[in-house]
Amino acid sequence: MATQSAKPKWTELAVGTAITVPGSARQNRTGDWRSSRPIWNHEECIRCGVCVIFCPEGCIHFDQDQPGYPSADLEYCKGCGICAHECPTACITTQEEEE
Amino acid sequence: MEQRLGLEASIAIAEVVCRCDVDIVAAYPITPQTHVVEHLSELVADGELDAAFVPVESEHSAMSVCCGTAAVGARTFTSTAAQGLALMHEILFIASALRLPIVMAVANRSLSGPISIWNDHSDVMTERDVGWVQIFAENAQEAADLTIWSFRLAEDRRVSLPVMVNFDGFILTHTIEPMLMPDKEMVQAFLPPWEPLLKLDVDEPISMGPVGIPDIYTETKQVQQHLLTQAYGPIVETLNEFAQHFKRTYKPIETYRSDDAEVLLCTMGALSETAMEVVDRRRKQGQKVGLVRIRLWRPFPFEDLYRAVGNVPVLGVMDRAISFGGPVGPVASEIKAAFYHREQRPKIVEFIAGLGGRDVPLSDFGRMFDSLYTTGETGKIPAPTIIGLRE
């Protein structure tokens, strides 16, 4: 998609609808169609990092929300639930998005 | 300088492509296009054409390679026919949407089944809506000339779209005709080096062909509709420049003895030349018949058509393909649509002829003109007629 403005007129599109600005993928917050989000229970989490490794989006990192614990970057998390499925202590639950 | 030679349209096209100094030819051989790519392959192997010849494994790959090479700014040529064109189908849309000025010669052949290697227009009619400029040649000279012109138009920065040169299989591809072959200097004086609007370049990275989400797709289609329609201006302009340079004139719609005609027949492609012979014979007999020959098929030259048809009361349209279960003749249906909102419009009679290489002799054109006079006298428009059908 063109990146010049959010909703360009047809006369404003780049030639061939090309992306002419490198790195424009960063402007796309692809997590907005997520239907559920992962929640970590810190009492059961052993901080093994399995969820970080298995996340297909690479959006789970340590130290985002709380020092020492993993959490998902919700701007990119699709809510697939793989982290919850793989967690060895089953400390991750998925919570349905309200909107 | 030009040399008078006897050449097949296929060899003539390959020779002018060589003189256009293309960088890439990616093609898969298919009858009746074969001689075009065979000869280009020889020219590359013999060192006469400094280009990469990519012997791909299918036409889908041929057009995909062409998109890639045009995207990096390489002058790109390919050629195909029938099933090969059909196999390219999905990539044809991408070439036009990405504004890639590929030139392709289509040796028009009927689509299977049953398997037919012979000539009609069912292959190109199936590809009407791919967003390419589409033009038809009537003889070897035109096939060569329009190929040279196609590079000039395609690379015009106001256009930057792919162009399809249609030339009838066997009737042109395999027939040796006298023609004037311009030399390289003459061609290159008409065809300056291409300066792409946009190209893939590691030093200035861009992405071509990304996803078009619902918020953007509609606008991209309007761009294509606008560009192809607006290409009409540069088409006429560059055809005029071609005429000044090479002394051979081409128009979006050609006519033949149409000025005072009582009935007109609309044709497209090589059979127009047979039709002209019949017009001459009928004129000698006192019948005022004439021709309207469609050269430019996309963008469709509506105003030229209106001017060419004028106030003639009966217009026949000869189609070389059938739109099954629909309006029968694809060209006729477009011409009918073009006249629908006009107050002055002719009675339009549909003919289907020359399917799958069936000969269309002089007598068949005679029958078409007779039918047009009958419509003029009775006022009754007959159902679409398949000429030469055994029943």
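Use the structure listed above.
Residues numbered from 1 in each chain as written. Chains lettered and ligands numbered in written order. Predicted model: local features only at pLDDT ≥ 70, side-chain atom pairs only at ≥ 80, totals over all residues. Heavy atoms only, no water.

A. Quick look at the interface of chain A and chain B. Between chain A and chain B, the contact holds 14 residues from the first and 19 residues from the second. Overall, the association of chain A and chain B removes approximately 1,500 Å² of surface from exposure, summing both partners, and the carbon and sulfur fraction of that is 74%. Between chain A and chain B we count one salt bridge in total. Asp215(B) serves as the salt-bridge partner of Lys7(A), at 3.6 Å between the closest nitrogen and oxygen. Summed over the shared surface of chain A and chain B, the number is one residue pair in polar contact (both at pLDDT 80 or more). (Contact = heavy atoms within 4.5 Å. Buried area = accessible area lost by both parts, 1.4 Å probe. Salt bridge = Lys/Arg side-chain N within 4 Å of Asp/Glu carboxyl O. Polar contact = N/O pair within 3.5 Å; in protein donor to acceptor, adjacent residues only side chain to side chain.)

B. Highlighting the packing of aromatic side chains. All names here are of chain B. A full pass over the atoms with the stated rule returns eight aromatic pairs over all chains. Ring centres of Phe190 and Phe246 lie 5.5 Å apart, and the angle between their planes is 75°; on these two criteria the pair is classed as edge-to-face. Residue Phe190 is located in helix H7 (residues 184-190), and its partner Phe246 is located in helix H9 (residues 232-246); the two are separated by 56 residues in the primary sequence. Residue classification places Phe190 among the buried positions, given a relative accessible area of 3%. On the basis of relative accessible area, Phe246 is assigned to the buried category, the value being 2%. Their ring planes at 70° and their centres at 5.3 Å tell us that Tyr306 and Phe339 sit as a pair that is edge-to-face. With a gap of 33 residues between them, Tyr306 in helix H11 (residues 302-309) and Phe339 in helix H12 (residues 330-340) connect regions that are remote in the sequence. Each of the two residues, Tyr306 as well as Phe339, counts as buried. Aromatic ring contacts, followed pair by pair, group Phe190, Phe242, Phe246 and Tyr250 into a single cluster. (Phe/Tyr/Trp six-rings, centres within 6.5 Å; stacked < 30°, edge-to-face > 60°. Helix = DSSP H or I, 4+ residues; strand = E, 2+ residues; numbered from the N terminus. Buried < 20%, exposed > 50% of the residue type's maximum accessible area, 1.4 Å probe, protein only.)

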